[in-house]
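# Fold and contact review
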Amino acid sequence: MRRSVRDNGLGLAFGGLFLASLIGQAFAGLAQFNEQQVVQGSEPVSLLDYLTSSSFAVDVVENWQSEYLQFFFYVFATVWLVQRGSPESKELDQAGTESDEDQRVGPHAQDDSPAWARVGGWRTLVFSRSLGLVMGVVFLLCWGVQSIAGWAAYNSEQLGQHQDPVRWTGYLAAPDFWNRTFQNWQSEMLAVGSMAVLSVYLRQRGSPESKPVGAAHDDTGQTG
Amino acid sequence: MGSVRALFVAYLSLIGLGLAYFALLGLLGR
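Just so you know, these numbers come straight off a predicted model, no measurement behind them.

This part takes up the overall build of chain A. Along its length, chain A carries 10 helices and zero strands. Relative to its length of 224 residues, chain A is extended, with a C-alpha radius of gyration of 23 Å against a globular reference of 17 Å. C-alpha extents for chain A along the principal axes are approximately 65 × 40 × 40 Å. When each of the 224 residues of chain A is scored for burial, the buried share is 21%. In chain A, once contacts between residues fewer than 6 apart in sequence are set aside, the share between residues at least 24 apart is 53%.

Set out below in C-alpha coordinates:
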(Lines give C-alpha, C1' and ligand atoms only; values in the text may rest on other atoms or scores of the structure.)
Protein backbone atom coordinates (compact mmCIF):
# COMPACT_ATOMS: atom_id res chain seq x y z
CA MET A 1 0.00 0.00 0.00
CA ARG A 2 1.25 3.49 -0.76
CA ARG A 3 2.57 5.21 2.30
CA SER A 4 0.32 8.25 2.00
CA VAL A 5 -2.74 5.96 1.90
CA ARG A 6 -1.61 3.94 4.92
CA ASP A 7 -0.72 7.11 6.82
CA ASN A 8 -4.26 8.44 6.29
CA GLY A 9 -6.25 5.23 6.70
CA LEU A 10 -8.74 6.57 9.25
CA GLY A 11 -9.44 9.87 7.52
CA LEU A 12 -9.74 8.29 4.07
CA ALA A 13 -11.89 5.35 5.21
CA PHE A 14 -14.37 7.55 7.04
CA GLY A 15 -14.39 10.09 4.20
CA GLY A 16 -15.30 7.24 1.85
CA LEU A 17 -17.94 5.86 4.20
CA PHE A 18 -19.40 9.36 4.50
CA LEU A 19 -19.72 9.71 0.72
CA ALA A 20 -21.24 6.23 0.33
CA SER A 21 -23.76 6.96 3.08
CA LEU A 22 -24.62 10.33 1.56
CA ILE A 23 -25.30 8.62 -1.78
CA GLY A 24 -27.52 6.11 0.01
CA GLN A 25 -29.35 8.95 1.73
CA ALA A 26 -29.82 10.73 -1.61
CA PHE A 27 -31.59 7.75 -3.19
CA ALA A 28 -33.62 6.78 -0.13
CA GLY A 29 -34.55 10.43 0.46
CA LEU A 30 -35.63 10.84 -3.16
CA ALA A 31 -37.85 7.75 -2.94
CA GLN A 32 -39.50 8.99 0.25
CA PHE A 33 -39.89 12.53 -1.13
CA ASN A 34 -41.62 11.19 -4.23
CA GLU A 35 -43.93 8.99 -2.16
CA GLN A 36 -45.03 12.18 -0.43
CA GLN A 37 -45.41 13.98 -3.77
CA VAL A 38 -47.76 11.24 -5.01
CA VAL A 39 -49.83 11.42 -1.80
CA GLN A 40 -50.19 15.17 -2.33
CA GLY A 41 -51.15 14.68 -5.97
CA SER A 42 -47.92 16.36 -7.20
CA GLU A 43 -45.50 15.20 -9.89
CA PRO A 44 -42.47 13.11 -8.77
CA VAL A 45 -39.14 14.98 -8.96
CA SER A 46 -35.81 13.92 -10.51
CA LEU A 47 -32.68 13.07 -8.52
CA LEU A 48 -31.14 16.40 -9.56
CA ASP A 49 -34.24 18.28 -8.39
CA TYR A 50 -34.07 16.46 -5.06
CA LEU A 51 -30.33 17.05 -4.55
CA THR A 52 -30.92 20.77 -5.08
CA SER A 53 -33.91 20.89 -2.71
CA SER A 54 -34.03 22.33 0.80
CA SER A 55 -35.65 19.06 1.88
CA PHE A 56 -32.41 17.18 1.10
CA ALA A 57 -30.35 20.00 2.64
CA VAL A 58 -32.15 20.00 5.98
CA ASP A 59 -32.07 16.21 6.26
CA VAL A 60 -28.29 16.23 5.83
CA VAL A 61 -27.39 19.23 7.91
CA GLU A 62 -29.61 18.46 10.92
CA ASN A 63 -27.42 15.40 11.43
CA TRP A 64 -24.22 17.36 10.91
CA GLN A 65 -25.03 19.90 13.60
CA SER A 66 -25.63 17.29 16.27
CA GLU A 67 -22.35 15.52 15.51
CA TYR A 68 -20.36 18.72 15.90
CA LEU A 69 -22.31 19.65 19.04
CA GLN A 70 -21.42 16.25 20.44
CA PHE A 71 -17.70 16.72 19.79
CA PHE A 72 -17.80 20.32 21.02
CA PHE A 73 -19.34 19.17 24.31
CA TYR A 74 -17.07 16.17 24.58
CA VAL A 75 -13.87 18.10 23.94
CA PHE A 76 -14.74 20.72 26.56
CA ALA A 77 -16.42 18.39 29.05
CA THR A 78 -13.43 16.04 29.17
CA VAL A 79 -11.23 18.95 30.27
CA TRP A 80 -13.24 19.35 33.47
CA LEU A 81 -15.19 16.15 34.07
CA VAL A 82 -13.67 12.72 34.68
CA GLN A 83 -15.09 9.21 34.61
CA ARG A 84 -13.46 6.70 36.92
CA GLY A 85 -12.30 3.66 34.97
CA SER A 86 -12.82 5.15 31.51
CA PRO A 87 -10.09 5.39 28.87
CA GLU A 88 -12.04 8.37 27.52
CA SER A 89 -11.30 10.25 30.75
CA LYS A 90 -8.16 11.81 32.11
CA GLU A 91 -6.79 10.54 35.39
CA LEU A 92 -8.99 11.62 38.27
CA ASP A 93 -6.61 14.24 39.69
CA GLN A 94 -5.96 15.96 36.36
CA ALA A 95 -9.30 17.72 35.87
CA GLY A 96 -8.84 21.23 34.47
CA THR A 97 -6.61 22.86 31.85
CA GLU A 98 -3.36 21.54 33.45
CA SER A 99 -0.04 23.35 33.82
CA ASP A 100 1.91 25.04 31.00
CA GLU A 101 4.64 22.48 31.62
CA ASP A 102 2.27 19.54 31.14
CA GLN A 103 0.82 21.20 28.04
CA ARG A 104 4.24 22.22 26.62
CA VAL A 105 3.26 25.83 25.96
CA GLY A 106 5.23 29.10 26.11
CA PRO A 107 8.71 28.56 27.61
CA HIS A 108 7.93 24.83 28.00
CA ALA A 109 7.46 24.35 24.25
CA GLN A 110 9.72 21.80 22.58
CA ASP A 111 11.68 22.05 19.34
CA ASP A 112 8.88 20.45 17.35
CA SER A 113 6.00 22.26 19.09
CA PRO A 114 3.69 24.28 16.83
CA ALA A 115 4.67 27.99 16.63
CA TRP A 116 1.39 29.11 18.20
CA ALA A 117 2.04 26.90 21.24
CA ARG A 118 5.37 28.65 21.78
CA VAL A 119 4.54 32.29 21.01
CA GLY A 120 2.28 33.05 24.02
CA GLY A 121 -0.41 35.76 24.16
CA TRP A 122 -3.70 35.52 22.28
CA ARG A 123 -2.37 33.11 19.67
CA THR A 124 -1.46 30.48 22.26
CA LEU A 125 -4.77 31.16 24.03
CA VAL A 126 -6.72 30.52 20.81
CA PHE A 127 -4.59 27.60 19.63
CA SER A 128 -4.96 25.98 23.06
CA ARG A 129 -8.74 25.82 22.49
CA SER A 130 -8.82 25.51 18.71
CA LEU A 131 -10.23 21.98 18.53
CA GLY A 132 -13.25 22.74 20.69
CA LEU A 133 -13.68 26.18 19.13
CA VAL A 134 -13.80 24.83 15.59
CA MET A 135 -16.24 22.09 16.62
CA GLY A 136 -18.40 24.74 18.31
CA VAL A 137 -18.30 27.15 15.37
CA VAL A 138 -19.11 24.39 12.87
CA PHE A 139 -21.99 23.29 15.13
CA LEU A 140 -23.44 26.82 15.21
CA LEU A 141 -23.05 27.20 11.44
CA CYS A 142 -24.70 23.81 10.81
CA TRP A 143 -27.55 24.60 13.19
CA GLY A 144 -28.06 27.98 11.50
CA VAL A 145 -28.09 26.35 8.06
CA GLN A 146 -30.51 23.70 9.39
CA SER A 147 -32.86 26.51 10.42
CA ILE A 148 -32.68 28.14 6.97
CA ALA A 149 -32.99 24.94 4.92
CA GLY A 150 -35.62 23.57 7.30
CA TRP A 151 -37.59 26.81 6.98
CA ALA A 152 -37.54 26.60 3.16
CA ALA A 153 -38.50 22.91 3.19
CA TYR A 154 -41.25 23.57 5.73
CA ASN A 155 -42.68 26.37 3.61
CA SER A 156 -42.70 24.32 0.45
CA GLU A 157 -44.59 21.61 2.36
CA GLN A 158 -46.99 24.27 3.63
CA LEU A 159 -47.60 25.48 0.08
CA GLY A 160 -48.12 21.90 -1.11
CA GLN A 161 -50.84 21.57 1.50
CA HIS A 162 -52.33 25.01 0.63
CA GLN A 163 -51.22 26.43 3.99
CA ASP A 164 -49.64 29.84 4.60
CA PRO A 165 -45.82 30.00 4.66
CA VAL A 166 -44.15 31.16 7.90
CA ARG A 167 -41.36 33.67 8.54
CA TRP A 168 -37.91 32.39 9.51
CA THR A 169 -38.47 33.60 13.09
CA GLY A 170 -41.76 31.75 13.11
CA TYR A 171 -40.01 28.57 11.96
CA LEU A 172 -37.55 28.88 14.87
CA ALA A 173 -40.52 28.38 17.20
CA ALA A 174 -42.07 25.61 15.07
CA PRO A 175 -42.24 22.02 16.35
CA ASP A 176 -40.57 20.86 13.09
CA PHE A 177 -37.36 22.75 13.90
CA TRP A 178 -37.15 21.54 17.50
CA ASN A 179 -38.19 17.98 16.73
CA ARG A 180 -35.41 17.72 14.13
CA THR A 181 -32.99 19.30 16.60
CA PHE A 182 -33.76 17.26 19.71
CA GLN A 183 -34.09 13.92 17.97
CA ASN A 184 -30.51 14.29 16.79
CA TRP A 185 -29.19 15.66 20.08
CA GLN A 186 -30.62 12.89 22.21
CA SER A 187 -28.91 10.15 20.21
CA GLU A 188 -25.54 11.88 20.32
CA MET A 189 -25.64 12.39 24.08
CA LEU A 190 -26.59 8.75 24.64
CA ALA A 191 -23.80 7.55 22.36
CA VAL A 192 -21.16 9.72 24.03
CA GLY A 193 -22.28 8.74 27.52
CA SER A 194 -22.26 5.08 26.46
CA MET A 195 -18.70 5.35 25.16
CA ALA A 196 -17.49 6.92 28.40
CA VAL A 197 -19.25 4.38 30.63
CA LEU A 198 -19.19 1.10 28.65
CA SER A 199 -15.44 1.44 28.07
CA VAL A 200 -14.92 1.08 31.83
CA TYR A 201 -15.81 -2.65 31.80
CA LEU A 202 -15.52 -3.58 28.12
CA ARG A 203 -12.36 -3.81 25.99
CA GLN A 204 -11.38 -3.74 22.32
CA ARG A 205 -7.96 -5.25 21.85
CA GLY A 206 -5.69 -2.92 19.89
CA SER A 207 -8.00 0.08 19.87
CA PRO A 208 -6.87 3.40 21.36
CA GLU A 209 -10.55 3.93 22.25
CA SER A 210 -10.18 1.06 24.75
CA LYS A 211 -7.98 0.26 27.69
CA PRO A 212 -5.53 -2.62 27.25
CA VAL A 213 -7.46 -5.88 27.63
CA GLY A 214 -5.70 -6.71 30.89
CA ALA A 215 -6.06 -3.25 32.44
CA ALA A 216 -8.03 -3.16 35.70
CA HIS A 217 -11.61 -1.92 35.53
CA ASP A 218 -10.56 0.79 37.98
CA ASP A 219 -7.76 2.14 35.76
CA THR A 220 -8.68 5.57 34.44
CA GLY A 221 -7.24 7.37 31.43
CA GLN A 222 -5.31 4.43 30.03
CA THR A 223 -5.38 3.66 26.32
CA GLY A 224 -3.81 0.74 24.56
CA MET B 1 3.04 15.18 6.58
CA GLY B 2 2.07 16.68 3.21
CA SER B 3 -0.72 14.17 2.63
CA VAL B 4 -1.99 14.56 6.20
CA ARG B 5 -2.21 18.32 5.78
CA ALA B 6 -4.00 17.85 2.45
CA LEU B 7 -6.58 15.60 4.15
CA PHE B 8 -7.04 18.18 6.93
CA VAL B 9 -7.71 20.88 4.34
CA ALA B 10 -10.00 18.52 2.39
CA TYR B 11 -12.14 17.83 5.48
CA LEU B 12 -12.46 21.52 6.38
CA SER B 13 -13.25 22.35 2.73
CA LEU B 14 -15.87 19.61 2.55
CA ILE B 15 -17.60 20.98 5.65
CA GLY B 16 -17.37 24.59 4.43
CA LEU B 17 -18.49 23.94 0.87
CA GLY B 18 -21.26 21.60 2.03
CA LEU B 19 -22.58 24.19 4.47
CA ALA B 20 -22.42 26.97 1.87
CA TYR B 21 -24.30 24.79 -0.64
CA PHE B 22 -27.02 23.79 1.83
CA ALA B 23 -27.38 27.39 3.04
CA LEU B 24 -27.79 28.50 -0.58
CA LEU B 25 -30.53 25.93 -1.19
CA GLY B 26 -32.36 27.20 1.88
CA LEU B 27 -31.92 30.87 0.96
CA LEU B 28 -33.12 30.24 -2.61
CA GLY B 29 -36.20 28.67 -1.04
CA ARG B 30 -36.00 25.59 -3.21
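We are not done yet, so read on.
Grouped together as the largest cluster of nonpolar side chains are 23 residues, with contacts concentrated most on Ala57, Val61, Tyr68, Cys142 and Ala149 of chain A together with Phe22 of chain B. When residues of this core are traced back to their parent elements, those giving at least two are α4 (54-80) and α8 (130-160) of chain A together with α1 (2-27) of chain B. The greatest single-element share of this core, amounting to 11 residues, is contributed by α8 of chain A. In this structure Val61 of chain A touches Cys142, Val145, Gln146 and Ala149 of chain A together with Phe22 of chain B, once residues within four positions along its chain are discounted.

Residues and elements named next belong to chain A. Taken domain by domain, chain A comprises domain 1 (1-52) and domain 2 (54-93 + 131-224). Taking the mean C-alpha position of each, domain 1 and domain 2 sit 20 Å from one another. With seven residues of domain 1 at the interface, the matching set in domain 2 holds five residues. Every element with two or more residues in the side of domain 1 that touches domain 2 is listed here: α2 (9-39) and α3 (47-51). Tallying contributions element by element places α2 first for the side of domain 1 that touches domain 2, with three residues. A per-class count over the side of domain 1 that touches domain 2 returns three nonpolar, four polar and no charged.

We now examine the environment of Arg118 of chain A. With respect to the helices, strands and loops of the structure, Arg118 of chain A is situated in helix α6 (residues 115-118). For Arg118 of chain A, the residues in contact, after removing those within four places along its chain, are Gly106, Ala109 and Ser113 of chain A.

Contacts between chain A and chain B engage 19 residues on the former and 13 residues on the latter. Elements with a minimum of two residues in the side of chain A that touches chain B: α1 (3-7), α4 and α8 of chain A. Looking at the side of chain A that touches chain B, the element that brings in the most residues is α8 of chain A, giving nine residues. Residue classes in the side of chain A that touches chain B are distributed as 11 nonpolar, seven polar and one charged.

Locating Asn155 of chain A in the fold gives a position in helix α8. In the structure, Asn155 of chain A is positioned 16 residues away from Tyr171 of chain A in sequence and 9.0 Å away in space, judged by C-alpha atoms. Beyond its immediate stretch of four places on either side in the chain, Asn155 of chain A contacts Pro165 and Val166 of chain A together with Gly29 of chain B.

Residue and element names in this part refer to chain A. Unusually for a residue other than glycine, Glu98 sits at a positive phi of about 65°. Structurally, Glu98 is set in the loop between α4 and α5 (100-103). On the basis of neighbour count, Glu98 is assigned to the exposed category, with 12 C-beta atoms found within 10 Å. Even without a glycine there, the phi angle at Arg104 is positive, about 55°. For Arg104, the position within the fold is in the loop between α5 and α6. We classify Arg104 as partly exposed; it has 15 C-beta atoms within 10 Å.

Bringing the packing of α4 of chain A against α8 of chain A into the picture now. All names here are of chain A. Running from N to C, α4 and α8 point in directions that differ by 155°, and their axes come no closer than 7 Å. With respect to α8, the element α4 is oriented roughly antiparallel. α4 and α8 meet at a crossing whose hand is left-handed.

All right, on to the packing of α8 of chain A against α1 of chain B then. Remark: α8 of chain A packs on α1 of chain B, axes separated minimally by 7 Å, with the N-to-C direction vectors making an angle of 25°. For the element pair α8 of chain A / α1 of chain B, the angle class is roughly parallel. The way α8 of chain A lies across α1 of chain B gives a crossing that is left-handed. Touching Val138, Leu141, Cys142, Val145, Ile148, Ala149, Trp151 and Ala152 of chain A of α8 of chain A are Ile15, Leu19, Phe22, Ala23, Leu25, Gly26 and Leu27 of chain B, all from α1 of chain B. Looking at the contact of α8 of chain A with α1 of chain B, its residues break down into 14 nonpolar, one polar and no charged.

What counts, and at which threshold
- Residues numbered from 1 in each chain as written.
- Chains lettered and ligands numbered in written order.
- Predicted model: local features only at pLDDT ≥ 70, side-chain atom pairs only at ≥ 80, totals over all residues.
- Helix = DSSP H or I, 4+ residues; strand = E, 2+ residues; numbered from the N terminus.
- Rg over C-alpha atoms; globule rule 2.2 N^0.38 Å.
- Buried ≥ 20, exposed ≤ 12 C-beta atoms within 10 Å, placed from the backbone.
- Contact = placed C-beta atoms within 7 Å.
- Core = buried A, V, L, I, M, F, W, Y, C linked by C-beta atoms within 7 Å.
- Domains from an automatic or database assignment.
- Nonpolar A, V, L, I, M, F, W, Y, C, P; charged D, E, K, R; others polar.
- Axes fitted to C-alpha atoms, helices over the stretch in contact; angles between N-to-C directions.
- Parallel < 35°, antiparallel > 145°, perpendicular 65-115°, else oblique.
- Left-handed = near helix turned anticlockwise from the far one by under 90°.

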